[in-house]
Amino acid sequence: MKISDITQHLELVAPVHFQESYDNAGLIVGNADVECTGIIISLDAIEAVIDEAISKQCNLVIAHHPIIFKGLNKLNGKNYVERTILKAIKNDIAIYAIHTNLDNIKMGVNNKIAEKIGLQNLQILQPKENILKKLITFAPLDKAEGIRKALFAAGAGQLGKYSECSFNTEGTGTFKAEKGADPHVGEIGVRHEEKEIKLEVIFPAYIEQRIISAMIEAHPYEEVAYDIISLGNYLSEVGSGLIGELENEANETEFLGKIKSDFGLKVIRHTSLAGKKVKKVAVCGGAGSYLIPIALSNKADVYITSDIKYHEFFDAEGMLMLDIGHYESEQFTIDLLYAILREKYPNFAVRKTEVITNPVYYFVE
Ligand SMILES: [Zn+2]
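Rules used in this analysis
Residues numbered from 1 in each chain as written. Predicted model: local features only at pLDDT ≥ 70, side-chain atom pairs only at ≥ 80, totals over all residues. Heavy atoms only, no water. Helix = DSSP H or I, 4+ residues; strand = E, 2+ residues; numbered from the N terminus. Polar contact = N/O pair within 3.5 Å; in protein donor to acceptor, adjacent residues only side chain to side chain. Contact = heavy atoms within 4.5 Å. Donors = N, O, S within 2.8 Å, 3.2 Å for Na, K, Ca; no water. Tetrahedral: all angles 85-135°; square planar, octahedral: opposite > 155°, others 65-115°. Buried < 20%, exposed > 50% of the residue type's maximum accessible area, 1.4 Å probe, protein only. Axes fitted to C-alpha atoms, helices over the stretch in contact; angles between N-to-C directions. Parallel < 35°, antiparallel > 145°, perpendicular 65-115°, else oblique. Left-handed = near helix turned anticlockwise from the far one by under 90°. Nonpolar A, V, L, I, M, F, W, Y, C, P; charged D, E, K, R; others polar. Phe/Tyr/Trp six-rings, centres within 6.5 Å; stacked < 30°, edge-to-face > 60°. Lys NZ or Arg CZ within 6 Å of the ring centre and 35° of its normal. Salt bridge = Lys/Arg side-chain N within 4 Å of Asp/Glu carboxyl O. Pairing = 2+ DSSP bridges.

Visitor: Sorry, what's going on with the side chain of E196 here?
Guide: Mapped onto the fold, E196 is located in strand β8 (residues 191-204). Looking at E196, its side chain comes within polar contact range of the side chain of Y221, at 2.8 Å. Residue contacts for E196: discarding those within four places in its chain leaves F138, A139, P140, L141, T169, E170, G171, G173, F175 and Y221.

Structure below.
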């Protein structure tokens, strides 16, 4: 099995197109065509993890955080990023990052957090915009079903929990085949009228080429007429954060105690307790202060995230907000990636890192 087989599978689960614009997910170091000897999963691909990969003869490190994030101008080992890259290259270790694309899928990083807390009725907190497109094409009546099937098989027509969604209207198309054409129906030089179906389907923008190829392949016309339209719609299955409900409402201190033990925390930074009950909980693994207004407008009783700055605590406007630590909030992402890979490759050497990569310590004695 090649490294590319593994990364392709991961990208089926969490397409790189779902990453944020500032991100750098994907294969960061290494040759995708090389045979994979084993996988180490980690939140951070730092030197100690590369050392671990070398000692365990695994030539692929899959990390949540991209080790190269803002680009590199020099590569001479002056900082931990450069030393990690140099060590990986020298030892033929590939580094792959699956970052905001794994955050942004419904079954990703935040789902794992929600699962730990026991949240139900989960919804994406801030669905992603501008990632849907619509295809409209015109097909003769007896060929419409074949085209529809081909489009669905290529991934069009998915809408939340529904598949094979399309809209169809009947009308009349006209065309005149010019000299040299080879029309499916009609004669050269005569305007032809054909009863047609106007077929409309939506699809995620990143599979546009696949959708167009499937349509052309299934379409009987020599020149296929079609429109591609960019949509402003949200895709409810993709985006930042999650919001859900506890099965039973809890009081604030009970809830804080539960989070502390579920996530193995030494300390929780939080806004003041208001003596309210907790039922609706919003979560965002990693740096999630940008979602404070969204959690508020969704009437979350609690928002759990990390990397909240002093002034951002004021922005909570009375909502209970918890900063549980960046590493701590994302720690179960390692289990998530492990489960994804184990399910696909039950007999392959997939390992969770034994290195605690968290650079933050708490002095609590
Ligand atoms: Zn993170």
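Visitor: Looking at this model, I keep getting lost on the coordination of the zinc ion. Mind explaining?
Guide: For the zinc ion, the full set of protein donor atoms is H65 (NE2), H326 (NE2), E330 (OE) and E330 (OE), at a range of 2.1 to 2.4 Å. Taken together, the four donor atoms coordinating the zinc ion and their angles of 57 to 130° define a geometry best described as irregular. Of note, the zinc ion draws all its donor residues from one chain, in the sequence arrangement H-x260-H-x3-E. Placement of the pair is H65 in strand β3 (residues 60-65) and E330 in helix α11 (residues 326-330), with a sequence separation of 265 residues. Take H65 and E330: they sit in the same class, and that class is buried.

Visitor: Sorry, what's going on with helix α5 (residues 109-117) here?
Guide: Within an α-helix, residues lying three or four positions from one another point in the same direction, as the helix has 3.6 residues per turn. Most of α5 sits inside the fold, with seven of its nine residues counted as buried. Every buried residue of α5 is accounted for by V109, N110, N111, K112, I113, A114 and I117.

Visitor: I would appreciate a short explanation of the packing of helix α2 (residues 47-55) against helix α3 (residues 80-90) in the present structure.
Guide: Working note: a packed helix pair is described by the angle between its axes plus the distance between those axes. Look at α2 against α3: their axes get within 9 Å of each other, and the N-to-C directions meet at 15°. In terms of axis orientation, α2 runs roughly parallel to α3. Crossing angle aside, the handedness with which α2 passes α3 is left-handed. For the pair α2 and α3, the contacting residues are E47, I50, D51 and I54 in the first and R83, T84, K87 and A88 in the second. For the contact of α2 with α3, the residue count by class is three nonpolar, one polar and four charged.

Visitor: I tried to follow the packing of aromatic side chains on my own but got confused; where do I start?
Guide: Using the criterion set out here, one finds five aromatic pairs in the structure. Note on Y22 and F69: the rings are 6.3 Å apart at their centroids and 75° apart in plane angle, and the pair reads as edge-to-face. Separated by 47 residues along the polypeptide, Y22 in the loop between α1 (3-13) and β1 (26-29) and F69 in the loop between β3 and α3 bring together distant segments of the chain. The partly exposed category is assigned to F69, whose relative accessible area is 37%. For the ring pair F175 and Y221, a centre distance of 5.6 Å and an interplane angle of 70° mean the geometry is edge-to-face. With a gap of 46 residues between them, F175 in strand β7 (residues 167-176) and Y221 in the loop between α7 (208-218) and β9 (226-230) connect regions that are remote in the sequence. Classification of Y221 by relative accessible area gives buried; the value is 12%. Positioned above the aromatic ring of F332, the side-chain terminus of K116 is 4.4 Å from the ring centre. Its guanidinium or amino end placed over the ring of Y338, K352 lies 4.8 Å from that ring's centre, counting from NZ or CZ.

Visitor: Explanation requested: the pattern of salt bridges in the structure shown.
Guide: Side chains that differ in sign of charge can pair as their charged atoms come close. Tallied over the entire structure, the rule returns 13 salt bridges. Between E52 and K56 there is a salt bridge whose closest N-O contact spans 3.1 Å. Residue class for E52 comes out buried when judged on its relative accessible area of 7%. Since its relative accessible area comes to 22%, K56 is described here as partly exposed.

Visitor: Just checking my understanding: could you explain the sheet that holds strand β13 (residues 302-306) for this structure?
Guide: Strand pairs in the sheet, formed through backbone hydrogen bonds, run parallel or antiparallel to each other. Within the open sheet, the six strands sit side by side as β5-β10-β12-β13-β14-β11. Their pairing is mixed. Where the open sheet ends on each side, the last strands, each with one partner, are β5 (119-129) and β11 (269-270). By the bridge criterion, eight bridges tie β5 to strand β10 (residues 234-251) in an arrangement that is antiparallel. By the bridge assignment, I124 is partnered in β10 with L242. α5 contacts β5, β10, β12 (277-287) and β13 of the sheet and is inclined by roughly 145° relative to β12. The sheet contacts of helix α8 (residues 252-262) involve β10, β11, β12, β13 and β14 (320-323), and relative to β10 the element is tilted by about 120°.

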